[in-house]
Amino acid sequence: MSMTSLLPTLVRRERASLKATLLAPPLALAAAILLNLGLYVLMGRDPAAVVHALLLEPFLSWSSFSEVLLKTGPLLFIAQGLAIGFRAKVFNIGAEGQFILGAIFASAIPIWFPQAAGGWIWPSMLLLGAIGGALWAGITAFWRVRLNANEILVSLMLSLVAAQLLYYLLLGPWKDPNGFNFPQSVMFQYDAMVPTLFAGTRVNVSLLIALALSLAAWIFMQKSFMGYKLQVGGLAPRAAGYAGFSEGRAIWLSLLIGGFAAGLAGAAEVAGPLGQLQRSISTGYGYSAIIVAYLGGLHPIGIVVSSLVMAAISIGGDNAMVSANLPIAAVRVFQGSLLLAYLVAVAFVRYRLEWPQITARSPS
Amino acid sequence: MTNLTRRTLMQAAAATGLAGAFGSRLAFAADEPLGITLVVPSPIGDVGWGHALSAGLEPVKAAYGDKVKVTVLENIMEGPDADRIMTKTVADGNKLLIAGSFGYQNGALQIARRDPGVTVLHASGFQVAPNFSPFAAKYFQGTYLLGMAAAALSKTGKLGSVSAFAIPELITSINAFALGAQAVNPDIEVSVVWVNSWFDPAKEQEAAKALIAQKCDVIFSNAQDTPSVVAACEEAGVYSFNLNSSMKKYAEKTYLGCVATDWSPFFLASVEAHLAGTFKGANAFLGVADKVVQVTDWNPAIPADMMAKIKDVETKIADGSFSPFTGPIARADGSDGVAAGATMTDAEIVAMDWHVKGVATPLPK
């Protein structure tokens, strides 16, 4: 008997296992934690202190938890939008750029009308931001539908273009005239800020909007005919074609929804915790949200949970840097290994291990 | 302490040598060590801005021992995350925050306003509050000297600078570099490439190569946290120098010198003032006289007579009898900058938003 035949083989399940579907995310989380604890021990850090800072502290005080909620907002917006496209097998990887465009569009109001006052300002900023994000994603949709250009590459590269556009504005026309040439805009006026939800925290009304959009995403994907068509297009493109569902429309719709949501997130960020347009407006939300979308099983309710988990890990990572002296690279390793563990775990939703039958040899 | 002057800094430096001398002042903070947190946007690494700040805390650790607890947080992106991290470190009980980038200004200022017991030192900004001091180095004093050396060595009469952001601190560095060079060769020109990043090795290297292609034969790496420019210059055989910390090991032959910053006198003085309860926020604009700016690693290729002139000017800068920004200075656009005999004040220098004549590249507007 050769060695290879002793190894188990992956066998496709007749149907996805419900047990495995539910178990995959928590198991992936547990595996990532265990792996990284080993790393912290090797680095000579106290694993108990790291676990406390990384996983418990975000939930132990209201001020910490409010920061988790603050960070959940943009992840939730973007991941919900992306998940709809991912289920239709339209891979919009450029949410980062759409986020930046959302921030730019939203900032136009307070930068052009710094004296304007009134309750209409912040809602208009959010709407304008969403439109900006959708327009940016529309460029990708256009090239994909017209020229069959790969949407992964186009959307990703447009993110780099978006960042350059932002830098141009901040170094040129939108630079604060009294800011000593520092590349940032004026501080926004009071009415250009999304109202806070809880006094003393930075959590604002945009979190409620993100939750409402999550509900809308659920209704759209589970209950509407359009959502059904998108999903069929993703699962069985040829069947969808025979049924007369247009692929072009699915691409347009997926990207516009993704861009709309990412743009909204960008707008909420400048009109929320930032209060001005500056160079570093996103800490990679557009990319983290891809992880969030998949961790949440591309399901609107799953994504609410996974965005909260991702935000907590991120806040916990900051805590671990500040309190447990963990380098930022170790925090990123944790986030990366979490995705890796999840991808492995999720394979077991569709596949199972089959061990070779070993026939006991009788003694001669 | 009303202002951070040279004298108070020197006193502080002396006092820390005798830790016992202020033992009584420490009484109220008997057991709790003073938590000091440094936050920087780039990696600490071996060279550059973050490295210089972090190194400036070493003498503080040495002087205060277990009376201080220093935490260094690197790679912290400016924005809401930095605000949260700074808030967290203060909530953890750290009372002295060093916000190591101009982009931390608004968040750090809010922290200072919320908690008067916290002392914040903020790099490169312009806001001042009772417990909030912006600090910046008078790099221009050092770059003037390197301008003299550059002019003596340049064969093409063209100098270059790869620069991070067009903020006053960096503009004045370039201006003084040009003025120092013109003091030796009045026709010399300086070209500038703005990379708009503190940390972007690929872009910096590209910019250096572009300047070299334009026949610039001394390149000033203005506020980069990577040795890319210096290394690219070594490869091309042109002289280079940089700010903050020495990059000589990346350019053994062509390294012209380093406008090094040693922040320890300022940090020691601030820690002492904080512990004594006498800290008072003020604009800390520190240079050669404060021992914060020092030119090190002079290249032996600089002719001896020029070196003597440079040393002479350095002494005059240190004792205050000479300032690089003494008129007549013409602006790059031809208009008058500084009248003959007049000297720019510190306040004018920190707000300088124009290039002197001889800087060939217009400022991004």
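What counts, and at which threshold
Residues numbered from 1 in each chain as written. Chains lettered and ligands numbered in written order. Predicted model: local features only at pLDDT ≥ 70, side-chain atom pairs only at ≥ 80, totals over all residues. Heavy atoms only, no water. Patch = residues over 30% accessible without salt bridge, like charges linked within 9 Å, V, L, I, M, F, W, Y side chains within 5 Å. Areas by Shrake-Rupley, 256 points an atom, 1.4 Å probe, with all protein chains shown as cover. Salt bridge = Lys/Arg side-chain N within 4 Å of Asp/Glu carboxyl O. Helix = DSSP H or I, 4+ residues; strand = E, 2+ residues; numbered from the N terminus. Buried < 20%, exposed > 50% of the residue type's maximum accessible area, 1.4 Å probe, protein only. Lys, Arg positive; Asp, Glu negative; His and termini not counted. Contact = heavy atoms within 4.5 Å. Disulfide = S-S within 2.5 Å. Buried area = accessible area lost by both parts, 1.4 Å probe. Polar contact = N/O pair within 3.5 Å; in protein donor to acceptor, adjacent residues only side chain to side chain. Core = buried A, V, L, I, M, F, W, Y, C linked by side-chain atoms within 4.5 Å. Domains from an automatic or database assignment.

## Some points on a nonpolar patch on the surface
Residue and element names in this part refer to chain A.
Now for step 1: Together, Phe142, Trp143, Val145, Leu147, Trp252 and Leu256 make up an exposed nonpolar region whose accessible area comes to about 510 Å².
Now for step 2: Secondary structure elements with two or more residues in the nonpolar patch: helix H5 (121–147) and helix H10 (247–274).
Now for step 3: Per-element accounting of the nonpolar patch gives the leading share, 4 residues, to H5.
Now for step 4: By the element assignment, Trp143 lies in helix H5.
Now for step 5: The class for Trp143 is partly exposed, based on a relative accessible area of 37%.

## Concerning the side chain of Glu269(A)
Now for step 1: Within the element layout of this structure, Glu269(A) appears in helix H10.
Now for step 2: Buried charge without a salt bridge: Glu269(A), with Lys71(A) as the nearest opposite-charge side chain at an N-O distance of 7.0 Å.
Now for step 3: With sequence-adjacent residues up to four places away left out, Glu269(A) is seen in contact with Pro74(A), Phe99(A), Leu274(A), Gly275(A), Ile281(A), Tyr285(A) and Pro80(B).

## A short note on the state of the cysteines
All names here are of chain B.
Now for step 1: Inspection of the entire model under this criterion finds 0 disulfides over all chains.
Now for step 2: Here Cys233 stays unpaired: no disulfide links it, and the sulfur of Cys216, its closest cysteine neighbor, is 9.7 Å away.
Now for step 3: With no disulfide of its own, Cys258 lies 14 Å from the sulfur of Cys233, the closest cysteine sulfur.
Now for step 4: Judged by relative accessible area, which is 0%, Cys258 ranks as buried.

## What to know about the interface of chain B and chain A
Now for step 1: Contacts between the two partners involve 31 residues from chain B and, on the opposite side, 30 residues from chain A.
Now for step 2: Between chain B and chain A, a total of about 2,700 Å² is buried, with carbon and sulfur atoms accounting for 59% of that surface.
Now for step 3: Here chain B is connected to chain A by 5 salt bridges.
Now for step 4: Its salt-bridge partner being Asp318(A), residue Arg84(B) comes within 2.6 Å of it at the nearest N-O pair.
Now for step 5: Counting every contact that joins chain B to chain A gives 10 residue pairs in polar contact (both at pLDDT 80 or more).
Now for step 6: With 7 residues, helix H4 (residues 80–91) of chain B is the single largest residue contributor to the side of chain B that touches chain A.

## Quick word on the environment of Phe91(A)
Now for step 1: Within the element layout of this structure, Phe91(A) appears in the loop between helix H3 (62–87) and helix H4 (95–112).
Now for step 2: Phe91(A) sits 167 residues away from Gly258(A) along the chain, and the two C-alpha atoms are 9.9 Å apart.

## Some thoughts on the nonpolar core
Now for step 1: One finds Ile78(A), Met125(A), Val270(A), Leu277(A), Ile281(A), Ile76(B) and Met86(B) to be the most contacted residues of the largest nonpolar core, which totals 105 residues.
Now for step 2: Leave out the neighbours within four places in its chain, and Ile78(A) touches Ala95(A), Phe99(A), Ala262(A), Ala265(A), Tyr285(A), Gly286(A) and Ala289(A).
Now for step 3: Ranked by size, the runner-up nonpolar core spans 88 residues in total, among them Phe241(B), Leu268(B), Phe279(B) and Leu286(B).

## Topic: the pattern of salt bridges
Now for step 1: Under the counting rule described, the total for this entry stands at 17 salt bridges over all chains.
Now for step 2: Across the pair Arg144(A) and Glu151(A) runs a salt bridge whose closest N-O atoms are separated by 3.0 Å. An identical accessibility class is assigned to Arg144(A) and Glu151(A); each is buried.
Now for step 3: Here the salt bridges share partners, and the residues they tie into one network are Glu67(A), Lys71(A), Arg202(A), Asp318(A), Asp81(B), Asp83(B) and Arg84(B).

## Section: the domain arrangement of chain B
Residues and elements named next belong to chain B.
Now for step 1: Per the domain assignment, the segments making up chain B are domain 1 (6–138 + 262–286) and domain 2 (139–260 + 293–350).
Now for step 2: For domain 1 and domain 2, the distance between their C-alpha centres works out to 29 Å.
Now for step 3: Each side of the interface is counted separately: domain 1 has 21 residues, and domain 2 has 23 residues.
Now for step 4: Across the domain 1 to domain 2 interface the summed buried area is about 1,700 Å²; carbon plus sulfur atoms make up 58%.
Now for step 5: Interface area lost by domain 1 to domain 2 is led by Val47, Lys138 and Phe285, which between them contribute 37%.
Now for step 6: The tally of links from domain 1 across to domain 2 stands at 1 salt bridge.

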